[in-house]
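Notes for the structure review
Now for the letters of each chain:
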Amino acid sequence: MSAVLDHHDHAHDGHDDHGHAMTGWRRWVYATNHKDIGTLYLLFAFTMLMVGGVLALMIRLELFQPGLQFFQPEFFNQLTTMHGLIMVFGAIMPAFVGFANWMIPLQIGASDMAFARMNNFSFWLMIPAALMLVTSFFMPGGAPAAGWTLYAPLTLQMGPTMDSGIFAMHILGASSIMGSINIIVTILNMRAPGMTLMKMPMFAWTWLITAYLLIAVMPVLAGAITMTLTDRHFGTSFFNPAAGGDPVMYQHIFWFFGHPEVYIMILPAFGIISQVVPAFARKKLFGYASMVYATSSIAILSFIVWAHHMFTTGMPVTGQLFFMYATMLIAVPTAVKIFNWIATMWRGSMTFETPMLFAVGFIFVFTMGGFTGLILAMAPIDIQLQDTYYVVAHFHYVLVAGSLFAMFSGVYYWMPKWTGVMYNETRGKIHFWVSLIAFNVTFFPMHFLGLAGMPRRYADYPMQFADFNAVASVGAFFFGFAQVYFFLFVVLPCMRGQGEKAAQKPWEGAEGLEWEVPSPAPFHTFENPPKLNAEANRIVA
Amino acid sequence: MKRISNPWAAGLFGVLNLLGLSVAQATESLTGGPAVMQMNLTPAATKIAEEQHFLHAMMMVICLVIFVAVFSVMFYSIWKHRKSVGHKPATFSESITVEVLWTAAPFIIVIFMALPATKVLVAQKDTTNSDLTVKVTGYQWKWGYDYLKGEGEGLSYISNLDSAQRTLSNEGAKGDVPNDYLFRVDNPLVVPVGKKIRIITTADDVIHSWSVPAFGVKQDAIPGFVRDTWFKAERVGTFYGQCSELCGKEHAYMPITVKVLSAEDYSAWAQAELKKAAAKADDPNKVWVFDELFKRGEKVYATNCVACHQPNGKGGGPIKPLDGAAVVLADDHAKQIQVLLNGQNNGAMPSWKALSDTDIAAVVTYTKNNWSNKTNQLVQPAEVLTQRSK
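A few points on the structure. Note that residues are indexed from 1 along each chain, following the sequence as it is written. Here every chain gets a letter starting at A, and every ligand a number starting at 1, in the order they are written. A pLDDT threshold of at least 70 governs which residues receive local features in this predicted model, and a stricter bar of 80 or more applies before side-chain atom pairs are shown or counted, although totals over entire chains, interfaces and linings include all residues.

1. So, the overall build of chain A
Helix and strand assignments come from DSSP, with helices taken as H or I runs of at least 4 residues and strands as E runs of at least 2, each series counted from the N terminus. A tally of regular secondary structure across chain A gives 18 helices and 0 strands. Since a compact globule built from 541 residues should have a radius of gyration of about 24 Å, the 23 Å found for chain A is in line with a globular shape. Per-residue burial for chain A yields a buried fraction of 63% across its 541 residues. For this measure, only C-alpha atoms enter the radius of gyration; the expected value for a globule follows 2.2 Å times N^0.38, where N is the number of residues. Residue burial is a threshold on neighbouring C-beta atoms within 10 Å of the residue's own C-beta, all placed from the backbone, with 20 or more meaning buried, 12 or fewer meaning exposed, and counts in between meaning partly exposed.

2. Notes on the sheet that holds strand β4 (residues 189-192) of chain B
Residue and element names in this part refer to chain B. By this definition, two strands are paired if DSSP reports at least two bridges between them. Overall, mixed pairing links the 3 strands, which are arranged β4-β10-β9 in an open sheet. This sheet does not close on itself; its edge strands, each paired only once, are β4 and β9 (237-242). Geometrically, the sheet is characterised by an average inter-axis angle of 25° between neighbouring strands, direction not taken into account. Here β9 pairs with strand β10 (residues 255-261) via 6 bridges, running antiparallel. Directly across from Gly237, in β10, lies its bridge partner Val260. For every element, the axis is a line fit to its C-alpha atoms; helices are fit only across the contacting stretch, and the angle between N-to-C directions ranges from 0 to 180 degrees.

3. Concerning the pairing of strand β6 (residues 208-212) of chain B
Put simply, side chains in a regular strand alternate between the two faces of the sheet. All names here are of chain B. Among the 5 residues in β6, 5 count as buried, and that is most of the element. Of the two faces of β6, the one carrying His208, Trp210 and Val212 and the one carrying Ser209 and Ser211 are both buried. The pairing of β6 with strand β7 (residues 217-221) spans 5 bridges and is classified as antiparallel. Each bridged residue has a counterpart across the sheet, and for Ser211 the counterpart in β7 is Lys218. In textbook terms, the turn of a hairpin is the stretch between consecutive antiparallel strands, and for β6 and β7 this stretch comprises 4 residues, one of which, Gly216, has a positive phi near 65°.

4. Here we look at the interface of chain A and chain B
Every contact between the two is made by 81 residues of chain A and, on the other side, 88 residues of chain B. When contributions to the side of chain A that touches chain B are tallied by element, the ones reaching two or more residues are α4 (73-108), α9 (247-264), α12 (317-329), α13 (331-345), α14 (354-377), α15 (379-385), α17 (425-451) and α18 (466-495) of chain A. Per-element tally for the side of chain A that touches chain B: the top contributor is α13 of chain A, with 8 residues. Here the nonpolar group is Ala, Val, Leu, Ile, Met, Phe, Trp, Tyr, Cys and Pro; Asp, Glu, Lys and Arg are the charged ones; every other residue, Gly included, is treated as polar. Across the side of chain A that touches chain B, the residue classes tally to 52 nonpolar, 20 polar and 9 charged. For every residue pair, C-beta atoms are placed from the backbone, and the pair is scored as a contact if these atoms sit within 7 Å.

5. Things to note about α9 of chain A
Relative to the 26 Å expected for 18 residues at 1.5 Å per residue, α9 of chain A spans 26 Å between its end C-alpha atoms, a close match to the ideal helical length. Along α9 of chain A, the sharpest kink reaches roughly 30°, centred on Trp255 of chain A. The span you would expect from a helix comes to 1.5 Å times its residue count less one. In this scheme, the bend at a residue equals the angle between the axes fitted to the seven residues that finish there and the seven that begin there.

6. Section: the sheet that holds strand β5 (residues 197-203) of chain B
All names here are of chain B. Here we have 5 strands laid out as an open sheet, ordered β3-β2-β1-β5-β8, and mixed in their pairing. The strands lining the two open edges of the sheet, one partner per strand, are β3 (156-159) and β8 (227-231). Pairs of neighbouring strands in the sheet enclose a mean axial angle of 25°, with direction left out of account. The pairing of strand β1 (residues 132-139) with β5 spans 7 bridges and is classified as parallel. In the strand pairing of β5, Thr133 is matched with Arg198.

7. Topic: the packing of helix α10 (residues 357-369) of chain B against helix α11 (residues 381-388) of chain B
Residues and elements named next belong to chain B. Two numbers describe how α10 lies on α11: the axes approach to 8 Å, and their chain directions differ by 115°. By the angle between their directions, the pair α10 and α11 is classed as roughly perpendicular. α11 is crossed by α10, and the crossing has right-handed handedness. Residue-level inspection shows Asp357, Thr358, Ile360 and Ala361 of α10 in contact with α11, the latter providing Pro381, Glu383, Val384 and Leu385. Looking at the contact of α10 with α11 residue by residue, the class counts come to 5 nonpolar, 1 polar and 2 charged. With respect to orientation, any angle under 35 degrees is reported as roughly parallel, any angle over 145 as roughly antiparallel, any angle of 65 to 115 as roughly perpendicular, and every other angle as oblique. Left-handed describes a crossing whose near helix is turned anticlockwise from the far helix by less than a right angle; the clockwise case is right-handed.

8. So, helix α4 (residues 163-170) of chain B
Residues and elements named next belong to chain B. Among the residues making up α4, those that are buried are Gln165, Leu168 and Ser169. Projection of α4 onto a plane perpendicular to its axis shows the buried side chains occupying an angular sector of 100°, all on one side. Residues of α4 that are exposed and point over 90 degrees away from its buried face: Ser163, Ala164, Thr167 and Asn170. Positive backbone phi, approximately 90°, marks Gly172, located one or two places after α4. Relevant arc is that of directions from the helix axis to the C-beta atoms, nothing else.

9. Quick notes on the environment of Pro506 of chain A
All names here are of chain A. Here Pro506 shows up in the segment after α18. Overall, the presence of 18 C-beta atoms within 10 Å leaves Pro506 in the partly exposed class. For Pro506 and Ser519, which are 13 residues apart along the polypeptide, the C-alpha to C-alpha distance reads 8.9 Å. Once residues lying within four places of it in the same chain are set aside, the contact partners of Pro506 are Pro416, Met422 and Ser519.

So this is what it looks like as structure tokens:
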């Protein structure tokens, strides 16, 4: 891994002052530099994306045709469970923390993250957790198979890997909380003089809000799974109905974590898009203040909508009404964000390099996921669609076409700053178009399957569902290959320093302090607080 | 060949065939269940499901209109405001008026969406005044149906996926796969048409979910708790659903099949089933010993007779006493059995022929040997069976 990135050490710019920096494996294991830790996070997340992706392709392989061809149902349930857990906790969340590590100090003019050693710890904690999750497939009884939501009392029937899975999630949660504290403290205390909160780049803003969400809800998840653990082994009966426990209570606690979690995975994506769209429209972000308010209101609303995941548990009618209304309300700030992005593009001077393609693709496809969310929020319709493939389609539209596409947008946008070379534009465009088309081929038919009533987490299905499942499986493999292509032919060459040398500010319309330092960003930046202009987006020497 | 009515689906299917991807099995749509390449909700068989369809169609129209409007603006902008066509960037970046407008607009739209949804939601949660109540119990991995109240009360059975289809699944669903693959059960839930059926759900082990798309019903079955939902089928037919909450390895193999019968057919079915169930319960030719039969008779008496005849067997008012009654003490058992089977005094004493032969024999034995009645007579179920046919 280090060899790949060694060009950092002998980058040919004068600011390079890390003669004393550690080299070899020590550079990574003892890393306290926010850029190195950011790189570690991003590579880790991509590895987990590949692992989770292989699991997804195994699922699609089994579902290509009706009947059991490759896997037994119990193993199939392990696949769906681990695909969900790995993608949420191993890929999407760490990837955004990677972005935060790399970009927040650069964007706010800070020399590093506030707690450099805790930063190292929060990354390296994830390795044993990830190993525990992935290797559970090879332990007695196989991986946990209760779904990523780990509903009781099914979790009480699971084998010993349920416990290692719970332990892994505890560790990942601890890591997330440390990361969040680090981000909050960095943003609140280490902004360069003159960068007031309302002049801060949107990406830093969305992460500030996300970090608060994380601190608020990760302990709730920890509580839920700890209670599951004590139910399993220490004779408590929080969720065990056989001894008077309440399995629905588990769902309430889980989704009190789970719904803010959804926004934890999408708010930083909004931040990236809010950086990329103005850069390529060559026009300031429209309605900066309203973007901040919209993001905050989404975060606040996310705490009072959790039970829309539970309309079929049989809540009283007043409960269903409340959660239906609250959920539909989230459409308002989300719509404001979409309108603001389009207003930013309006009468701009746009070019469509890969970051912008992914950003526009994000806006277009994410909005579809938003609309299906609105449809699912209507409790009477949700009765038809709950736990069907419609839900699967919906959350992949917001998490893949949403979070993942935004991350691709961010990777292409900041890659020149990270590696000092431009990625190959043609390859970036190929990656975008194949991903966009394959994504829709995979997930669009799932809406039809869901409307027709195909339940999710099914290892086998009636013949009538065969055609759309076959289409989805084909799309999934193309989508998977597109991501391998992305790594081998876009990321790897850049990491090896192959390609056109990037200018300090390779994007004509880009704004922000990260473009005030050379490309690649030197090992240490802003060691002395920079003096900023009135907009706090340029350094005045 | 497949029958496909939807032209979009037909086109897609054609493309699939070209790619050589078709599963190429002669599947046809399943009435009451999913159709081949179905692209919308399952055709409604209840008013509630119809309302859900309307809501969904309404949402689709509103969302599509907004989607087209918003993205026409975006693509127009992408087309016109490009650097490559020489467009120079404007400098505006704020407008309070516009911001307020496009915060208010979605808010108002959302309110108009919520209004009709509220109406449907309140209606679908109203489980009062049902004609028939059935308790549905989720087991790993089958459904149990208990008819609690209404015609067919007392029926109780288990509904399993046809084991041949489970085997077929293991074999990869090759060859001649039936149209109702993964939907066929041994004992479907049977209900009358046009009657409000209240479903009470619970579970024995983990959470399951009882779902029938055509009825617009999906209700989790939660162990240790009871929840309810309802439906009123508007037409006769068979309707299909599947367990909709992950419940372990056989989750995909516990379908729900509901047979909706006309009122007469349903009555006939319920009668026949009740008789079968009673017959199955006890062999009428079994010869019972006194203590066993007496104990059982005590229970039958406590459940069915005690309300009128009183614990002391003395009755009261128009209710005749059993304690010391000639018909109870008589050596000839036939008369008392006939009273139980057919009732007496124009139904003041109702007919108890729905009770099994064993239960009737037991309660007769009990009355003949309780209180001051010490006849030491034993009535065997076989005698009741003989009297039934008279």
